[in-house]
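Descriptive structure summary
So the chains spell out like this:
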Amino acid sequence: MRFKSATIGVLVFLMAAALVLLVVAVNLPMAVQWFIQYRYKPLLSSNQLAFQVSHVGKSRTLVSDLRWGKDISADLVSVSYDIQGLGMPALQKLTLSGLTILARYDPDQGIVIDPVFPGGSALLPQAAQNRATADVNQIPVPDLTVLPDQIQVSNARLILTMNQGVTVIPFNISLTVNKSGRQVMCDAQFYPFGQSVTLKTRLHPVAGVETFLLQARSFDFQPLTDFLSMKKPALLPGTTDWSVEKQTHNTWQVSVSDMAMRWPEGLMIPSAEARILKERRQVTVLAKAGVSHP
């Protein structure tokens, strides 16, 4: 009888434990979703953030149907982490798949992307730029400690509407976060009009852009001028290699080479470069170019 009673007690205990685990398993995604919104509210503006936690594992959580504001969404977000003891999980890698950004150009407001640029960007009218400059000191310094060591953005696309035209720019981004050195290294590939443009840059939360190199090989400007509905300029560039590089903290260089002009026909620019020196109240531009024509 004692053995039977003990067996019944064990079965009751196991059933109760299974019930508790079932309740926890059912509610764990909701608990994780609440935790993410609470823990990263300053970073993600979670009052505009909507998502569903679809899987919670020992070392990885999957988030689906993510939407940030009206114009940013992602099909799937994978968060990898390392749990040691009872402390906060150490974020290791965040992967966004199927990221979509809807952007539109407004002549009065510039580039509009809600909620990142709800009504303004670098392409603003001068009055708005002055207001943005006055508020620059109010921007908080980003806290890199809340970021994972690596961030991957794959199969992403920017859908840009401008002058009643729409273009889709696929892109991929890889970010490496150096928390001790307070740096973020970025490698990105963009494919505007089916052409490849690469970006390599290093960012600092206080110093800003430390290094920057944006470049393309054999880039055809014709689709860009068609999309911008540009009138036929005096010089119509064709295919060229080009780059934009930050050389020092206040010096930038724009270079082109092997530029075959569409008009005038036969005109070639073997090389050209412009060095831009930006000082506090002065901008100096030094340029040189070579031109050939049969």
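Since we're looking at a predicted model, the values are computed, not measured.

**Quick notes on the overall build of the chain**
A count of helical and extended segments in the chain gives four helices and 15 strands. Within the chain, the proportion of its 294 residues that are buried is 30%. Counting only contacts in the chain whose residues sit at least 6 apart along the sequence, the fraction spanning at least 24 positions is 37%. In the form shown here, the chain has an accessible surface area of approximately 19,100 Å², with 61% of it arising from carbon and sulfur atoms.

**A closer look at the nonpolar core**
Across soluble globular proteins, nonpolar side chains show a tendency to be buried alongside one another. Counting residues in hydrophobic clusters, the biggest one holds 28 residues, and the most contacted among them are Val77, Leu96, Leu99, Val153 and Phe171. The set of elements that each furnish at least two residues to this core consists of strand 1 (49-56), strand 2 (60-68), strand 3 (72-82), strand 4 (90-97), strand 5 (100-106), strand 7 (150-162), strand 8 (165-178) and strand 9 (183-190). Those residues within four positions of valine 153 in sequence are excluded, and the remaining contacts are Leu96, Leu99, Phe171, Asn172 and Ile173.

**Notes on the side chain of lysine 246**
Within the element layout of this structure, lysine 246 appears in strand 12 (residues 236-248). Buried charged residue lysine 246 carries no salt bridge. Nearest counter-charge: glutamate 210, at 8.4 Å. Once you skip the residues sitting within four places of it in the chain, lysine 246 turns out to touch Val209, Glu210, Phe212, Thr251 and Trp252.

**Observations regarding the packing of aromatic side chains**
In this structure the tally under the stated criterion is five aromatic pairs. When the ring of phenylalanine 219 is compared with that of phenylalanine 221, the centres are 5.2 Å apart and the planes differ by 70 degrees; the resulting orientation is edge-to-face. Using a relative accessible area of 18% as the deciding quantity, one classes phenylalanine 221 as buried. The rings of Phe219, Phe221 and Trp242 are connected pair by pair, giving a single aromatic cluster.

**Considering the pairing of strand 1**
Where strand 1 lies against strand 2, six bridges are found, and the strand directions are antiparallel. Among the inter-strand pairings, leucine 49 is bridged to a residue of strand 2, identified as tryptophan 68. The hairpin formed by strand 1 and strand 2 contains three residues between the paired strands.

**Concerning the side chain of threonine 167**
The topology assignment puts threonine 167 in strand 8. Those residues in contact with threonine 167 that sit more than four places away from it in its chain are Leu158, Ile159, Leu160, Phe193 and Phe227.

**Side note on the environment of isoleucine 111**
Relative to the helices and strands, isoleucine 111 is located in strand 6 (residues 110-112). When its relative accessible area of 16% is taken as the criterion, isoleucine 111 is described as buried. When the C-alpha positions of isoleucine 111 and threonine 161 are compared, they lie 9.6 Å apart, and in sequence the two are 50 residues distant.

**Focus on the pattern of salt bridges**
Counted by the stated rule, this structure contains four salt bridges. Between aspartate 187 and lysine 200 there is a salt bridge, and its shortest N-O distance comes to 2.8 Å. One end of the pair, aspartate 187, is in strand 9; the other, lysine 200, is in strand 10 (residues 197-204), with 13 residues separating them in the sequence. The exposure class of aspartate 187 is partly exposed, given its relative accessible area of 30%. For arginine 202, the salt bridge is made with glutamate 210, and the minimal N-O distance between the two is 2.8 Å.

**Considering the pairing of strand 2**
On any regular strand, side chains alternate: one points to one face of the sheet, the next to the other face. Examined bridge by bridge, strand 2 and strand 3 share eight bridges and lie antiparallel to one another. The residue bridging serine 64 from the neighbouring strand is leucine 76, located in strand 3. As consecutive antiparallel partners, strand 2 and strand 3 are separated by three residues, and within that stretch glycine 69 has a phi angle of approximately 70 degrees, a positive value.

Rules of the game
- Chains are numbered independently. Their residues run from 1 in the order of the written sequence.
- Totals for whole chains, interfaces and linings use all residues, but because this is a predicted model, local features are given only for residues with pLDDT of at least 70 and pairs of side-chain atoms are given and counted only at 80 or more.
- Only hydrogens and water are set aside when side-chain values are computed; all heavy atoms of the structure are taken into account.
- Per the convention used, a helix needs a DSSP run of H or I reaching at least four residues, while a strand needs a run of E reaching at least two, with both numbered from the N terminus.
- The classification of residues rests on relative accessible area computed with a 1.4 Å probe and restricted to protein chains. Under 20% of the type maximum is buried, over 50% is exposed, and intermediate values are partly exposed.
- Whether two residues are in contact is decided by their heavy atoms, any of which lying within 4.5 Å being enough.
- Each accessible area is a Shrake-Rupley estimate made with a 1.4 Å probe; only the visible protein chains count as cover when residues are assessed.
- To form a nonpolar core, buried Ala, Val, Leu, Ile, Met, Phe, Trp, Tyr and Cys residues must be joined to one another through side-chain atoms within 4.5 Å.
- Here Asp and Glu are counted as negative and Lys and Arg as positive; His is not counted, and neither are the chain ends.
- Definition used for salt bridges: Asp or Glu carboxyl oxygen within 4 Å of a side-chain nitrogen of Lys or Arg.
- Under the pairing criterion, centres of Phe, Tyr and Trp rings, with the six-membered ring standing for Trp, must be within 6.5 Å; the plane angle then separates stacked pairs below 30 degrees from edge-to-face pairs above 60, leaving the rest tilted.
- Think of it this way: DSSP has to see at least two bridges between two strands before they count as a pair.

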